[in-house]
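So you can see what is in the structure, the chains are spelled out below.
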Amino acid sequence: MSDHESPDALAAQGLEKLGYQQELKRSRGMLHMLFMALAIEAVPFGATAPLFTSLISGGPVTMLWGWLVVSLFSLTIALSIAEISSKYPTSAGSYYWCFRLSPSRHRVLLSWINGWLTMVGVWTIALAVTFGITQILLSGVAIFQPDWIPKVWHTYVIFLGVTVLANVMGMFFNGALPTIDVMSAVWTILGLIVMAVCLPVKSSIRHTAAFAFGHFDASMSGWTPGWAFFIGLLGPASTYAGVPMITNMAEEVHDPSTQVPAALIWSIPIGAVTGVVFLLPLLFTLPDIETLLSDPSGQPIGLMYHLIMDTRGGGFAMWFIVFATAVFCAISISCAASRATWSFARDKAIPLHSVFSQVNMTLGHVPVNAYILSTTIQLLLGLLYLGSSTAFNAFAGAAVMCLGASYAMPILISVLNGRKDMDGAPFHLGKFGYFVNIIAILWVVLEIVIFAMPIFLPTTVDTMNYAAVILVGFTVISAIWYMIEGRYRYKGPPTPTADDWRSSIAKSEAKTESD
């Protein structure tokens, strides 16, 4: 096979058809992308980070059956996004898809709106992960120092360190990231095996199947039982919300039209099974729920494993499995967030776009400045914790709402177009397309409603859900920026003509031959 016919060369030519030049290095295959998606899911972390919310919103029924419900609906989003991304495999992602699918008179504005939804979504989902790690880390410390109550500034400083570490890993060890994703998958599998054995063997707590599969008590939430169940879905919803972000890695994948959609689709059922395997031993040995909810830190995972294992050392070992999974997640999701940021800057939609669209060749084709911007935004948003004890829920809720809306927009536009734009897509939903797309859209609408709500009533300034505030705040900022500069500079993603593409290919081939 000649250089011009290699998978990477063909992918680069396909990217030029979409209007972009190859700037990043293609180093990932389908398994790499699958492992990255699973690292972003980080099921043990995703299922326990919002443990307080899950317990107060019903307990075992919400945790187990809620996981399966969200997994099913998340699959419709994954299938819909996989179809669109197979036809338009670019790191620009959903704002590019909106531009290509929308009528010409609306495409620039819709693309702009979607791009900023994406930015807020990727920044807040990465923030939710790093802030969740901070809370879990403090919970682990409490296993050995139960009387120590960290001050607010302690929490923020630790959060700052976790966020910087996750992003520095991506900046300086980009070539090792695919291997780190593989390590994450291996760690998760081994961790599940260890927990499945240790929890039932070591715990003195034994619940019946009726409790593990059917116990539901949402009386402490203040909500009606049915609504409390939906609010308790924040955990699994935030677990899956970031998975489609692997489409922002498309320009680093050997064959993105087939490998990215395959990885995206397979990650959901694998995540669903992984969640059940993780949750069942936990639910059969779950300590007293009121005791867990009374944990002053608001994150009872350390206390939970300590009570289950009956020893501090045993509880710490189980805690560490979850903690390490979360660290892997932070590295992977920060990487995907940087690519989304870089892509939007490349299309001149972010202030100082010429700075944030640069790619550092010395470090291995890494968008370092986009990493720095993403990190800075997260650290600034993290200051919300200084005024809210439920900041994690705000970050996770805002992420689910914004990312969900950004994915639903191109799906809805495709449906309104009669799905004719999906003709010729390498992965096509066929006759099930309308059904899958509509279910995905309706699920996102429900997510936006329920995750804007406070997790319990009555609410105060300290405990209210600030997800909607984050969403509205960034909406105002993006609208102001659009009026000041965006409407003059932002023309949407490139739309090359056939002549432009042939000229670009000829130049690329001439450069390759000269090299």
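So, here is what we can say about the structure in this document. Since this is a predicted model, take the numbers as computed values, not measurements. (Residues numbered from 1 in each chain as written. Predicted model: local features only at pLDDT ≥ 70, side-chain atom pairs only at ≥ 80, totals over all residues. Heavy atoms only, no water.)

1. Some details on the packing of aromatic side chains
Geometry of an aromatic ring pair is reported as the spacing of the ring centres plus the angle between the planes. Inclusion rule: Any two rings among Phe, Tyr and Trp, with Trp reduced to its six-membered ring, count as a pair given centres within 6.5 Å; such a pair is stacked if its planes are under 30 degrees apart, edge-to-face if over 60, and tilted if neither. Strands are runs of DSSP state E lasting at least 2 residues, helices are runs of H or I lasting at least 4, and numbering of each runs from the N terminus. Whether a residue is buried, partly exposed or exposed follows from its accessible area with a 1.4 Å probe, protein chains only, as a fraction of its type maximum: under 20%, in between, or over 50%, in that order.
In the structure shown here, the tally under the stated rule is 26 aromatic pairs. For the pair Trp 116 and Phe 344, a centre-to-centre distance of 5.9 Å together with 80° between the ring planes defines the contact as edge-to-face. With Trp 116 in helix H7 (residues 107-144) and Phe 344 in helix H16 (residues 312-346), this pair connects stretches of sequence that are 228 residues apart. By relative accessible area, which is 0% here, Phe 344 ends up buried.

2. Considering the pattern of salt bridges
Which entries qualify depends on this criterion: A pairing counts as a salt bridge when a side-chain nitrogen of Lys or Arg comes within 4 Å of a carboxyl oxygen of Asp or Glu.
A full pass over the atoms with the stated rule returns four salt bridges. Where Arg 419 meets Glu 83, a salt bridge forms, and the shortest distance between an N and an O atom there is 2.7 Å. Of the two residues, Arg 419 is situated in the loop between helix H19 (391-416) and helix H20 (433-450) and Glu 83 in helix H5 (residues 60-87); the sequence distance between them amounts to 336 residues. Classification of Glu 83 as buried rests on a relative accessible area of 1%. Arg 346 is the partner of Glu 251 in a salt bridge, and the nearest nitrogen-oxygen pair spans 2.9 Å. With Glu 251 in the loop between helix H12 (234-241) and helix H13 (256-284) and Arg 346 in helix H16, the pair connects residues that are 95 residues apart, well separated along the chain. Residue Glu 251 is classed as buried on the basis of its relative accessible area of 0%. Taking relative accessible area as the criterion, Arg 346 reaches 15% and is therefore assigned buried.

3. Points about the nonpolar core
The following threshold applies: By nonpolar core we mean a set of buried residues, namely Ala, Val, Leu, Ile, Met, Phe, Trp, Tyr and Cys, connected to one another through side-chain atoms within 4.5 Å. Contacts are residue-level and defined by heavy atoms, with any inter-residue pair within 4.5 Å sufficient.
Ranked by size, the top nonpolar core spans 155 residues in total, and within it Phe 45, Met 245, Ile 246, Leu 282, Met 304 and Tyr 305 carry the most contacts. At 17 residues, H16 tops the list of elements feeding residues into this core. Among all residues touching Leu 282, those that are not within four sequence positions of it are Met 63, Leu 199, Met 304, Tyr 305 and Ile 308.

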